[in-house]
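Structural features, examined
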Amino acid sequence: MEYTIQLDEPVSDEIKRIVEGKIEAGIEHIDGDMDRHETVHEVRKRCKEVRAAARLVRPVLPTYSEMNAHYRDAARRISDIRDAQAAIETFDDHVRPAADDDGRLSADTLDGIQETLVNRREEVAAEQDFDQRLANVRADLVEGREYVPYLPIATDGYDGVAGGLRKSYKRARNRMPEAYEDPDFEAFHEWRKRIKYHRYHTRLLRSIWVGPMKARRAELKTLSDVIGDENDLAEFAILMHDENLFTAETRVVLDSVIRGRRAKLHRRGRPLGERLFAEKPDRLVARFGQYWGATREYEYKDSKE
């Protein structure tokens, strides 16, 4: 089910179609036979896509708060399990390569870290009753699906999405200087979330001008990945200290390695962010509105004649 609003259909119908498609995809992931940790990852992504679609029409959706909370809470049921798997991925993809370059930790020590993280993941899954939690998420999705046809989206056309687009873009734009003024975990974590919402909205609005919107989404994906890697490294450091994982000497070395890698990611992300969020919100919304109008007036009309 394509995650893009078709401009020749009412926005209200398109949001319902998209939301229902993502809910169905989430249920299929749970019912399928993929690796269970991959299932958790994919189901959480489907919940985020549903929330992003709702957020795009937030000002004209009176039940937005309830809908957002429903899918947020569904994803939270399996967040600890996902976080345990993400710690392994962060170590494998970022921490270990940087530690190898640093050279202060032996291969045996690094193998031991990886083993500790895998054991921790399995313990978390067992403690939280993995299968039951997935069953509960499935029930949440089935329940939410029943309400999709009745979503009271009050406005169609570009007016139906302009307010939500402006709000999400403005928040992402404002979070960027806050993150660089105080580059702690929370500030960059908040910016990352806002970047991702704007990226989802760019994908939802792809049809307004396919080439430029596709290019913008690709750059937003790059920025989201950079800030996401930074966020994952920060969470890894917090985790290993909060739970006293590894030896004290090992944590000292990993802290040093992680700080260096995070600093590089901070530097890489800034020019991307400065370019992507250069426009003031009203100007970006007006520009996208012109794209919408031109495409509706000429391309869609011509295709029907």
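See the structure shown above.
Read on for an overview of the structure. All of these numbers come straight from a predicted model, not from anything done at the bench.

Topic: the packing of aromatic side chains
Tallying each qualifying case throughout the model produces 10 aromatic pairs. Aromatic side chains Phe 288 and Tyr 291 sit 6.0 Å apart centroid to centroid with 25° between the ring planes, which places their arrangement in the stacked category. One end of the pair, Phe 288, and the other, Tyr 291, are both in helix H11 (residues 281-304), three residues apart, so they sit about a helical turn from each other. Neither residue differs from the other here; Phe 288 and Tyr 291 are each classed as buried. Three or more aromatic residues joined by ring pairs make a cluster, and in this case those are Phe 91, Phe 236 and Phe 246. Over the face of the ring belonging to Tyr 200 we find Arg 199, whose NZ or CZ atom lies 5.6 Å from the ring centre.

Looking at the environment of Asp 232
Mapping Asp 232 onto the fold places it in helix H9 (residues 210-242). Each C-alpha atom of the pair Asp 232 and Thr 90 lies 6.3 Å from the other, and the pair is 142 residues apart in sequence. When near neighbours in sequence (up to four residues on either side) are disregarded, Asp 232 contacts Thr 90 and Arg 192.

Re the nonpolar core
The nonpolar side chains of soluble globular proteins are, as a tendency, buried together. Core analysis: the biggest nonpolar cluster contains 90 residues, and Trp 191, Leu 205, Phe 236 and Phe 277 have the highest contact counts within it. Here the element with the most residues in this core is H9; it accounts for 10 residues. With residues up to four places along the chain from it excluded, the contact list for Phe 277 reads Tyr 169, Ala 172, Arg 173, Met 176, Trp 191, Ile 195, His 198, Leu 220 and Leu 223.

Some details on the packing of helix H4 (residues 79-102) against helix H5 (residues 107-127)
It is at 8 Å that the axes of H4 and H5 come closest, and there the two elements cross at 170°. With respect to H5, the element H4 is oriented roughly antiparallel. On H5, the residues that touch Asp 80, Ile 81, Ala 84, Gln 85, Ala 87, Ile 88, Phe 91, Asp 92, Arg 96, Ala 99 and Asp 100 of H4 are Ala 107, Leu 110, Asp 111, Ile 113, Gln 114, Leu 117, Val 118, Arg 120, Arg 121, Val 124 and Ala 125.

What counts, and where the lines are drawn
Residues numbered from 1 in each chain as written. Predicted model: local features only at pLDDT ≥ 70, side-chain atom pairs only at ≥ 80, totals over all residues. Heavy atoms only, no water. Phe/Tyr/Trp six-rings, centres within 6.5 Å; stacked < 30°, edge-to-face > 60°. Helix = DSSP H or I, 4+ residues; strand = E, 2+ residues; numbered from the N terminus. Buried < 20%, exposed > 50% of the residue type's maximum accessible area, 1.4 Å probe, protein only. Lys NZ or Arg CZ within 6 Å of the ring centre and 35° of its normal. Contact = heavy atoms within 4.5 Å. Core = buried A, V, L, I, M, F, W, Y, C linked by side-chain atoms within 4.5 Å. Axes fitted to C-alpha atoms, helices over the stretch in contact; angles between N-to-C directions. Parallel < 35°, antiparallel > 145°, perpendicular 65-115°, else oblique.

Worth remembering: the numbers are spatial, not functional.
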